[in-house]
Amino acid sequence: MILQDAKTLLEVKGLHASVNGREILKGLDLTVRAGEVHAIMGPNGSGKSTFAKLLAGHPAYELIAGTVQFEGSDLFALTPDARAKAGLFLGFQYPVEIPGVANSQFLRLAYNTVMAGRGKDELDPLEFDDLVRERMKLLEMNPNFLDRSVNEGFSGGEKKRNEILQMALLEPTVALLDETDSGLDIDALRIVAQGVNSLLNKDNAVVLVTHYQRLLNYIVPDYVHVMEGGRIVKTGDRSLALELESRGYDWIVGAGADKAVTA
Amino acid sequence: MSAVIQNLVNQPYTAGFVTDIESETVAKGLSEDTIRLISTKKNEPQWLLDFRLDAYRHWLKMEEPQWPNVHYPKIDFQNISYYSAPKPKKLKTMDEVDPELLRTFEKLGVPMNERAKLAGVAVDVIFDSVSVATTYKAKLAEVGIIFCSISEAVQNHPELVKKYMGSVVPTGDNYYAALNSAVFTDGSFCFIPKGVKCPMELSTYFRINTQDSGQFERTLIVAEEGATVSYLEGCTAPKFDTNQLHAAVVELVALDDADIKYSTVQNWYAGDENGVGGIYNFVTKRGLCQGARSRISWTQVETGSAITWKYPSCVLIGDHSVGEFYSVALTNHRQQADTGTKMIHIGKHTRSTIVSKGISAGHSNNSYRGLVKIGANADGARNYSQCDSMLIGQSSGAHTFPYIQVQNPTAKVEHEASTSKIGEDQLFYFASRGIGAEEAVSMIINGFCKDVFQQLPMEFAVEATKLLGLKLEGSVG
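What counts and what doesn't
Residues numbered from 1 in each chain as written. Chains lettered and ligands numbered in written order. Predicted model: local features only at pLDDT ≥ 70, side-chain atom pairs only at ≥ 80, totals over all residues. Helix = DSSP H or I, 4+ residues; strand = E, 2+ residues; numbered from the N terminus. Rg over C-alpha atoms; globule rule 2.2 N^0.38 Å. Buried ≥ 20, exposed ≤ 12 C-beta atoms within 10 Å, placed from the backbone. Contact = placed C-beta atoms within 7 Å. Pairing = 2+ DSSP bridges. Axes fitted to C-alpha atoms, helices over the stretch in contact; angles between N-to-C directions. Parallel < 35°, antiparallel > 145°, perpendicular 65-115°, else oblique. Nonpolar A, V, L, I, M, F, W, Y, C, P; charged D, E, K, R; others polar. Left-handed = near helix turned anticlockwise from the far one by under 90°. Core = buried A, V, L, I, M, F, W, Y, C linked by C-beta atoms within 7 Å. pLDDT = per-residue confidence, 0-100. Expected span 1.5 Å × (residues − 1). Arc of directions from axis to C-beta.

Peer 1: Can you break down the overall build of chain A residue by residue, with the values?
Peer 2: Across its full length, chain A holds 8 helices and 12 strands. Radius of gyration (C-alpha) of chain A: 18 Å, near the 18 Å computed for a compact globule of 263 residues. Dimensions of chain A, computed from C-alpha atoms along their principal axes, come out at roughly 55 × 40 × 40 Å. Within the span of chain A, comprising 263 residues, buried residues form 46% of the whole. Across chain A, contacts joining residues at least 24 apart in sequence account for 74% of those joining residues at least 6 apart.

This is how it looks when you write it as structure tokens:
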């Protein structure tokens, strides 16, 4: 929802970044305020995932120029784990498997580390068990999943639910969800989307990175941005996504249309 | 390869101090005269001298094994001192132990004195070659358990030593076992009589303190019918830039329904990051499940030594006997490990389990080598083996050499293996959830080794995780 006088949570200015020496982001600007849902769309290779990973601090992505203010502070001054503690969350497109580490153990360590970083109370295993089981209901997850190794042998849908479960536990201020809809069947998509919707409130914000507009039928964005060549080339509302679905990206990209418009 | 992982696995060796104690060391070199000298110094009976000389004559005819996947310059066996003892060495109570020595063990965190009582651990301490003190001997004697140095056992229980020593690892078994049989200077002896369950964990700490000295300890554990014992062994050594040889022999004998659990945390000095110095750890460990339904379980956490060459094995003779091997071997820098086990199934319905976890970092090489042999009469024998390797960085190596020989069609043998890697993406995943690299590596490695750590007695499990540079979450296990 777009609110009057909402606090700016994320302010991205003139962002340039490279991976393996190749420049992918070429002047990206974006402003996200509390309460908002943003969707970043665009063809493959336009830089959507790079943007998400750069913000979260993946070591392979290198900042060339530009600034990102997260709740008024320099995001890039923080290590990746400090960004998580500060309230930034990345939902991975391809979550890694961690054999031998029980999900319950991993989730509790993540929860306690992040909460300790925010000066909040840590939970003992029993207290945490209550919390995690309650949040799991939100995502219609099987309790046996707590005993399994992190993401190991998970189906695509289970991995994505696990990502949203982590978001539910860590209660981020800004969640970047990278292709959360990919690999989900229609039921899983609905459940994951419901999970995200239930976590939205007037103090946080979500940035959905997606290739298809189908997710946006379930999580309704306030702004839709189209990325091309490492920049946002068009910004609109929900109707832009629908238009993209029927017309593809070519009409924007080909026309060279509107120059970098920010929300 | 992130710098953080490098730092984590490259933590400096903290047990690398030399204790300044006057010691009595015989001149370097090996001959029948050296052996006679050792035997005389230890006031040994003739049969034991004969045992030593027989071994020495075998050894002279043997070749150093070339088959392990390890490389090192040829050892000059004449440049080693075969006997080194702290002076004075006759000790009756802990008060008589050199305080310097006690401080050494304090630095090592060895639970002696009151700490030993609290921990409920009886410790036999081998410093260089001589057993310094055995705690809790009296308490154990009440239930008929003999726990002392092998030298004392030779004096006080010669019939037991004579009966069992060499019965599992014969004098001519292999190159290093033969060498050990010729020159061993001390070690531990443990005898659990029929029907006795040892009321506490027994523990031995080995430490090599003298430069250019070899350590050849000999351990013999016998569990009679229905007896059970859990035995812990820890090893450290100071830093020297020369290599030191450690060639131990451990023999275990389990009679009907006996149960022996043998756990090792080995942290010998591994050499520096360029591979200078460190211990050559060439050890023969073997258990004989002689009786029906007996069980021998080896658990080892191998983190030290420049070279490790070690295959704790089980010979399963008794019907329904059980052999187990749980191993974590961590190598870093230029360390080389070629370690594994042998499970020899001879009796009917014998079972064995092998769980091996190898972690290689730096430029190290880590090999698992294991033999599962099912004899013709071992009807219904069963083996399960799992060998997992984890690579850290780009320059380390992991190898698996499984040997399986089955001569009985009713046997069932399973082998599983995997190789994984701690990568940037895993660490980033943890980081994005607020978890720093140190804790992430700790959790990943801990998860990887979980099946083995679960087998360790509590205090050793703690030491093991600490040794791997890990921090354990209080209740997570």
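Moving on from the model shown.
Peer 1: Any chance you could break down the sheet that holds strand 5 (residues 73-74) of chain A for me, citing the residues and the numbers?
Peer 2: Residues and elements named next belong to chain A. One open sheet accounts for 4 strands, arranged 2-1-4-5; its pairing is antiparallel. Looking at strand neighbours, the two that pair on one side only are strand 2 (22-33) and strand 5, the edges of this open sheet. Pairing of strand 1 (residues 8-19) with strand 2 involves 9 bridges; the strand directions are antiparallel. Each bridged residue has a counterpart across the sheet, and for S18 the counterpart in strand 2 is E23.

Peer 1: Explain the packing of helix 3 (residues 103-117) of chain A against helix 4 (residues 125-138) of chain A residue by residue, including any values.
Peer 2: All names here are of chain A. Where helix 3 contacts helix 4, the axes come no closer than 11 Å and their chain directions differ by 100 degrees. One element, helix 3, and the other, helix 4, form an angle in the roughly perpendicular class. Across the interface between the two elements, S104, L107, R108 and Y111 of helix 3 pack against P125, F128 and V132 of helix 4. Residue composition of the contact of helix 3 with helix 4, grouped by class: 5 nonpolar, 1 polar and 1 charged.

Peer 1: So what's going on with the packing of helix 3 of chain A against helix 5 (residues 156-170) of chain A? Which residues, and what values?
Peer 2: Residue and element names in this part refer to chain A. At a minimum axis distance of 10 Å, the contact between helix 3 and helix 5 shows a crossing angle of 35 degrees. Note on packing geometry: the crossing formed by helix 3 with helix 5 is right-handed. Between helix 3 and helix 5, the contacting residues are L107, A110, Y111 and V114 on the first element and Q166, L169 and L170 on the second. Looking at side-chain class alone, the contact of helix 3 with helix 5 contains 6 nonpolar, 1 polar and no charged residues.

Peer 1: Now, about the nonpolar core: what can you tell me, with residues and values included?
Peer 2: With 188 residues, the main nonpolar core has A:L176, B:A223, B:V229, B:L252 and B:A254 as its most contacted residues. If you tally residues by element for this core, the top one is helix 11 (residues 437-453) of chain B, at 10 residues. Excluding residues that lie within four positions of it along the chain, A:L176 makes contacts with A:A52, A:L55, A:A56, A:F89, A:L90, A:G91, A:V207 and A:V209.

Peer 1: Give me the confidence of the model for chain B: which residues, what numbers.
Peer 2: Residues and elements named next belong to chain B. Model confidence for chain B is summarised by a mean pLDDT of 82, while 77% of its residues fall at 70 or above. Looking at the elements of chain B, mean pLDDT is at its lowest for helix 5 (residues 113-119), recorded as 39, and at its highest for strand 16 (residues 313-316), recorded as 98. Here residues 88-93 is modelled with pLDDT under 50, and outside its nearest four sequence neighbours on either side it reaches 5 contacts, counting other chains as well. For residues 470-477, every residue scores under 50 in pLDDT, and the model assigns this stretch 11 contacts once sequence neighbours within four places are set aside. Taken over the whole predicted complex, pTM reads 0.77, whereas the ipTM for its chain interfaces reads 0.94.

Peer 1: I'd like to hear about the interface of chain A and chain B, residue by residue, with values.
Peer 2: Contact residues are listed per partner, giving 26 residues for chain A and 22 residues for chain B. Elements that contribute at least two residues to the side of chain A that touches chain B include exactly helix 2 (80-86), strand 7 (98-102), helix 3 and helix 5 of chain A. With 6 residues, helix 3 of chain A is the single largest residue contributor to the side of chain A that touches chain B. Taken together, the residues of the side of chain A that touches chain B sort by class into 17 nonpolar, 7 polar and 2 charged.

Peer 1: Can you break down the pairing of strand 18 (residues 336-345) of chain B residue by residue, with the values?
Peer 2: Consecutive side chains of a regular strand alternate in pointing toward one face of the sheet and then the other. Residues and elements named next belong to chain B. Most of strand 18 is tucked away, with 10 of its 10 residues classed as buried. The alternating pattern of strand 18 places Q336, D338, G340, K342 and I344 on one face and A337, T339, T341, M343 and H345 on the opposite face, and all of these are buried. Note: strand 15 (residues 307-310) against strand 18, 4 bridges, orientation parallel. Residue pairing across strands places K310 opposite T339, the latter belonging to strand 18. Sheet topology places strand 16 next to strand 18; 3 bridges connect them, and they run parallel. Within strand 18, the residue paired with V315 across the bridge is I344. In the sheet, strand 18 pairs with strand 20 (residues 365-374) via 10 bridges, with the strands oriented parallel. Note on strand 20: the bridge partner recorded for G340 is R369.

Peer 1: Please set out the sheet that holds strand 12 (residues 231-236) of chain A residue by residue, giving values where relevant.
Peer 2: Residues and elements named next belong to chain A. With respect to topology, 6 strands assemble into an open sheet ordered 6-9-10-3-11-12, the strand pairing being mixed. Bordering the open sheet on either side are strand 6 (88-91) and strand 12, each of which pairs with just one other strand. Ignoring which end each strand starts from, the neighbouring axes of this sheet average 20 degrees apart. Here 5 bridges tie strand 9 (residues 174-178) to strand 10 (residues 205-209), and the two strands are oriented parallel to one another. Residue pairing across strands places L176 opposite V207, the latter belonging to strand 10. Strands in contact with helix 5 are strand 6 and strand 9; relative to strand 6, the strand with the most contacts, it is inclined by about 170 degrees.

Peer 1: Explain the confidence of the model for chain A residue by residue, including any values.
Peer 2: Residues and elements named next belong to chain A. Considering every residue of chain A, the mean pLDDT works out to 92; 96% of them sit at 70 or more. Across chain A, strand 6 holds the top mean pLDDT of 98, while helix 8 (residues 250-255) sits lowest at 71. Predicted confidence is poor over residues 256-263, with pLDDT under 50, and the contacts of this stretch with residues over four places away or in other chains come to 22 contacts.

Peer 1: Can you lay out helix 4 of chain A for me, pointing to particular residues and giving the numbers?
Peer 2: Residue and element names in this part refer to chain A. If you check helix 4, its first and last C-alpha atoms are 20 Å apart, about what 14 residues at 1.5 Å a residue would give, namely 20 Å. Along helix 4, the positions that sit buried rather than exposed are V132, R135 and M136. Angular distribution of buried residues about the axis of helix 4 spans 105 degrees; they occupy a single face of the element. Facing away from the buried side of helix 4 by over 90 degrees, the exposed positions are L126, E127, D130, E134 and K137.

Peer 1: An account of the pairing of strand 11 (residues 249-254) of chain B is needed here, citing residue identities and associated values.
Peer 2: Residues and elements named next belong to chain B. With 6 of 6 residues buried, strand 11 lies mostly within the body of the structure. Every second residue of strand 11 is oriented toward a common face, with V249, E251 and V253 on one face and V250, L252 and A254 on the other, all of them buried. As paired strands, strand 8 (residues 218-223) and strand 11 are joined by 6 bridges and run parallel to one another. Across the sheet, residue L220 finds its bridge partner in strand 11, namely E251. Across 6 bridges, strand 11 lies against strand 13 (residues 278-289) in parallel orientation. Residue pairing for strand 13: A254 is matched across the bridge by C289.

Peer 1: Tell me about the environment of B:A464, and please be specific about residues and values.
Peer 2: Residue and element names in this part refer to chain B. Secondary-structure assignment places A464 in helix 12 (residues 458-467). Using a count of 26 C-beta atoms within 10 Å as the deciding quantity, one classes A464 as buried. Once residues lying within four places of it in the same chain are set aside, the contact partners of A464 are V265, V301, F453 and L456.

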